[in-house]
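Residues per chain, in single letters:
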Amino acid sequence: MQTKKQIVVKACVIMVLTLMIAVPALAADKVLMMATTTSTDNTGLLDYLAPYFTKATGIELKWTSVGTGKALKMGENCDVDVLLVHAPSAEKVFVEKGFGVNRREIMYNDFVIIGPESDPAGIKGKNVVDALGAVRAKGAVFASRGDNSGTHKKELSLWKATGAAVPEKESWYVQTGQGMLATINIAAERNGYTMTDRGTYIKYADTMKGNPPLKVLVEQDEILLNQYSVLAINPQRCPKARFDLATAFSDWMAGAEAQGLIRDFKLLGKPLFVPNAK
Amino acid sequence: MDFIFAGFIEAIHLLFGGDGQTWSAVAATLKSSSGSMAASLTLGIPLGFVLGYFDFPAKRQVRLLVDTALALPTVFIGLVVYAFISNRGPLGEMGLLFTLTGIAIGQTILALPVVVALSATAVESMDRHLRTLLISLGANRRQLLLSSLWEVRYGVLAAGLTAYGRVMTEVGISMMVGGNIKWHTRTITTAIALETGKGMFATGIALGLVLIAIAFGVNVCLSFLRKK
Amino acid sequence: MFAVSQPIYRIENLVHRYNNEPVLAVDRLDIEPASITGLVGPNGSGKSTLLKLMAFILRPTDGQIRFNGVPAVPFDESVRFQVTLLTQDPYLMKRTVYKNIAYGLKVRGDRDNLTQSVHEALAMVGLDPDAFAQRQWDELSGGEAQRVALAARLVLKPRVLLLDEPTASVDAASSELISAASMRARSEWGTTLVIASHDRQWLYDVCDEVIHLFKGMPVGTGRSNMIFGPWIRQDNGLHVKALGNGKCLTVSAPPNEGATAFIDPAAIRILGKGEGATTAHTAYLDGTVSRLSLERPGGDLFADVRAGSLTLVVRVSESHLAAMTLHRGWPVTLAYRPDSIRWR
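Residues numbered from 1 in each chain as written. Chains lettered and ligands numbered in written order. Predicted model: local features only at pLDDT ≥ 70, side-chain atom pairs only at ≥ 80, totals over all residues. Heavy atoms only, no water.

Engineer: Hey, could you run me through the overall build of chain C in this one?
Structural biologist: For chain C, the count of helices and strands is nine helices and 21 strands. Here chain C holds 344 residues, and 49% of them are scored as buried. Contacts spanning at least 24 positions in sequence make up 66% of the contacts within chain C whose residues lie at least 6 apart. If you sum the accessible surface of chain C, you get close to 15800 Å²; carbon and sulfur atoms cover 48% of it. Both charge centroids of chain C, one from 37 positive and one from 36 negative side chains, sit 2 Å from each other. (Helix = DSSP H or I, 4+ residues; strand = E, 2+ residues; numbered from the N terminus. Buried < 20%, exposed > 50% of the residue type's maximum accessible area, 1.4 Å probe, protein only. Contact = heavy atoms within 4.5 Å. Areas by Shrake-Rupley, 256 points an atom, 1.4 Å probe, with all protein chains shown as cover. Lys, Arg positive; Asp, Glu negative; His and termini not counted. Charge placed at Lys NZ, Arg CZ, Asp CG, Glu CD.)

Structure below.
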């Protein structure tokens, strides 16, 4: 009895140890730590670009994908070497405060306003200002991320563009405090509108077998464009930050190879990002 | 609802199809949780024993503190640990951010109150006759202490399992401190969060099932330590 | 012969309190080596506390206990391996029977012939070593558990074995085995026994001395009648305790309604037939002889007489014994003087 028990216990210990040792070893001397927004990770763009980057420069790219606010905070705290984010006005403040340097525009994708096919506020085909005005006038349900993310900030800027206050306290204005997909689902449940990045919408539509309850109603307005930029962390403030590697990443992203890769990248068969590095 | 079934099928593929990313997440989960369990048991069992066994002036207050710490939200622990080990934090020099060690530290803070409180309860519920028995069989103070601890081993084991359950399933600390970095600090739970965010519900379910399978394995192993 | 030997226990001016409430006060108590001492008294009279103090598990609030002439306290090396206590509830460690019994020997660093010693101890309490040694603690009946607990003490061949109601919670067969094994400890190793029990007959049969404890104090030795209140005052100024069946025990004025009366068995006479003459200062009570027994040390004969709900112990003097026949079930009349009753 005693020995049988011992064998089982030993087997368990060996199993655990094997698992713990058997880790994929991706050893690289040059490791670049990046904070980026969930949209670049969730779309698979970084998984797609990273191997090309490592092949071209010999640098391993590690990234953590968080909300834009948190990504900027991590940059401010010297926890990362480089940022890939999409909140131009916040980025400019970030550079002005001396937290980041060499802001470089890389690409954009766009936002769309989606809503039920029945379109109770009648916004289809309108521009953003008119569409949101119609939603407000009708008091139709509008779901907002409400999480201070880049997408949320974008949505707030749209409301400001209408010339009236953000409908913070209106009962039809639902602040979810959750991610984009969860927010879309909430909008769908409430038969309401929301603003989303196109990438998330493509995946949402795909999970609905191509017949989603929420359709794209407003798109292609200039104000809906979503600019992504790379920022290096200021090496004067953060001596440990790998400024050399950050610069290499920034140069590569703006270069012909990466710009071409970005153009060719497709999400569920649909192009998503438009490269625009100068 | 069909993604639940799809998830079940996918779980089998992930585990037995040798999916590198899944096994990397499994390894990360096991490493950080083993580290934190080792630390919290080493610290927590003696502390719990002291708290349950001895009478000292501020005992009630300490107990209240430990019981309150049971309710620490994981995101809060993650945030506090991040504040300390961030490069601009007091422990920034140690380079613990975005590492499994950092996650293990946070998880230790999560598990410690559970281990302390539950082993203290186990020691408190120890039969009052035990002390009489051990002394009357000739035990000295040290033997009394060690034998008493051995008597409550099942209670301590339960404390460990409860703490292990919390550590394995937490996502706030791993996300905040580890950063969910692919191949490095992506644990099963942060991977579930990511896949859910990507809309890959079936993969999320599959990873959840993988986590449950591991928990089952751990419990099977430990049940052999228990009699009957 | 014992007069010159040193007592194994000498208790002096001992006071023990729980939460400032005195629970035990013993001015002086000596226990001779290799003797058997009984402790009787109602629940809460301090028997268990006294045994725990004598086992050096508790430290007395005041006073001292000398062991072999040397004052000792818990964990002293001079007593650690000498004294062992068996408590009323069979309590075992969560281990096998074997490990439970071997524990004390291991603590002593005595690992030679461990298996043989454990098996001998099991045999001594009437348990088959092959069947029981590897059982878990929770695979035993109450009586078996108590016998294993006793074996864990006997395996130590202790100088002193303290037994706290060892047979209270076990079946008759186990009870017999436990008392037999305890007696063997004394006859084989000269173990000093102190036994607390409610089974007075057993104690009177085996003990060299029986000490009565009441409200934390020794109140006498040998056989005694202890009668609890309440006492009811009657119109004639006397107090009585109702015993059922219309019988009542008449007493002199008790100090209070709830006081406890002590009547010396020698102060009660059994009246012969027709010997019913009423005398002043004498009270009478009709009863039935329920048992006759011989006290070991003195050789006196005692009769238990049941009157209603009360059983009184009566010493039968030799002159009386010659003059009358006594059987179980024999109806008798008891005579006693209420003013000979002592009160506490």
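The discussion continues.
Engineer: Quick question: what am I supposed to make of the sheet that holds strand β11 (residues 225-227) of chain C here?
Structural biologist: Neighbouring strands of a sheet are bound in pairs by backbone hydrogen bonds; such pairs are parallel or else antiparallel. Residue and element names in this part refer to chain C. With antiparallel pairing, the three strands of this open sheet are ordered in space as β11-β15-β21. The sheet is open, and its two edges are formed by β11 and β21 (342-343), each paired on a single side. Of the pairings in the sheet, the one linking β11 to strand β15 (residues 261-263) comprises three bridges and is antiparallel in character. Within the sheet, the bridge partner assigned to Ile-227 lies in β15 and is Ala-261. (Pairing = 2+ DSSP bridges.)

Engineer: It is not clear to me how helix α9 (residues 198-207) of chain A should be interpreted in this structure. Could you clarify?
Structural biologist: Each α-helix winds once per 3.6 residues, and so residues spaced three or four apart point in a common direction. Residue and element names in this part refer to chain A. Across the 10 residues of α9, eight count as buried, placing the element largely inside the fold. Considered for burial, the residues of α9 that qualify are Arg-198, Gly-199, Thr-200, Tyr-201, Ile-202, Lys-203, Tyr-204 and Ala-205. In the stretch just after α9, Lys-209 is the one whose phi turns positive, near 60 degrees.

Engineer: How should a nonpolar patch on the surface be read in this particular structure?
Structural biologist: On the surface, a cluster of nonpolar side chains totalling about 580 Å² of accessible area is made up of B:Phe5, B:Phe8, B:Ile9, B:Ile12 and B:Phe16. Mapped onto the secondary structure, B:Phe5 falls in helix α1 (residues 2-16). (Patch = residues over 30% accessible without salt bridge, like charges linked within 9 Å, V, L, I, M, F, W, Y side chains within 5 Å. Salt bridge = Lys/Arg side-chain N within 4 Å of Asp/Glu carboxyl O.)

Engineer: Sorry, what's going on with the pattern of salt bridges here?
Structural biologist: Where charged atoms from two side chains of opposite charge approach closely, those side chains can pair. This model, assessed by the stated rule, comprises 25 salt bridges over all chains. Across the pair A:Arg103 and A:Glu91 runs a salt bridge whose closest N-O atoms are separated by 2.6 Å. Of this pair, A:Arg103 sits in strand β4 (residues 100-116) while A:Glu91 sits in helix α5 (residues 88-96), and the two are 12 residues apart along the sequence. Salt bridges here are not isolated pairs; linked through shared partners, they connect C:Arg10, C:Glu12, C:Arg28, C:Asp30 and C:Arg66.

Engineer: How do you make sense of the side chain of C:Thr84 when you look at a structure like this?
Structural biologist: Examined against the element boundaries, C:Thr84 turns out to sit in strand β6 (residues 83-86). Those residues in contact with C:Thr84, other than ones at most four positions away along the chain, are B:Ser136, B:Leu137, C:Arg153, C:Leu156, C:Pro158, C:Val160, C:Leu161 and C:Leu162.

Engineer: I keep staring at the packing of helix α5 (residues 100-124) of chain B against helix α8 (residues 153-169) of chain B and nothing clicks. Help me out?
Structural biologist: Between two packed helices, both the angle of their axes relative to each other and the distance between the axes serve to describe the pair. Residues and elements named next belong to chain B. Running from N to C, α5 and α8 cross one another at 155 degrees; their axes reach a closest spacing of 8 Å. By the angle between their axes, α5 is roughly antiparallel relative to α8. When the axes of α5 and α8 are compared, the crossing they make is right-handed. Contact residues: Gln-107, Leu-110, Ala-111, Val-114, Val-115, Leu-118, Ser-119 and Ala-122 in α5; Gly-155, Val-156, Ala-159, Thr-162, Ala-163, Arg-166 and Val-167 in α8. Residue composition of the contact of α5 with α8, grouped by class: 10 nonpolar, four polar and one charged. (Axes fitted to C-alpha atoms, helices over the stretch in contact; angles between N-to-C directions. Parallel < 35°, antiparallel > 145°, perpendicular 65-115°, else oblique. Left-handed = near helix turned anticlockwise from the far one by under 90°. Nonpolar A, V, L, I, M, F, W, Y, C, P; charged D, E, K, R; others polar.)

Engineer: It is not clear to me how the interface of chain B and chain C should be interpreted in this structure. Could you clarify?
Structural biologist: You'll often see interface size given as the accessible area lost when the parts meet. With 23 residues of chain B in contact, the opposing surface of chain C contributes 28 residues. Carbon and sulfur atoms make up 57% of the area that chain B and chain C hide from each other, which totals about 2300 Å². A per-residue breakdown of the area chain B buries against chain C is headed by B:Ser136, B:Leu137 and B:Glu151, which together make up 27% of the total. Across the chain B-chain C interface, the total number found is one salt bridge. Ionic pairing is found between B:Glu151 and C:Arg95, a salt bridge with its closest N-O pair at 3.5 Å. (Buried area = accessible area lost by both parts, 1.4 Å probe.)

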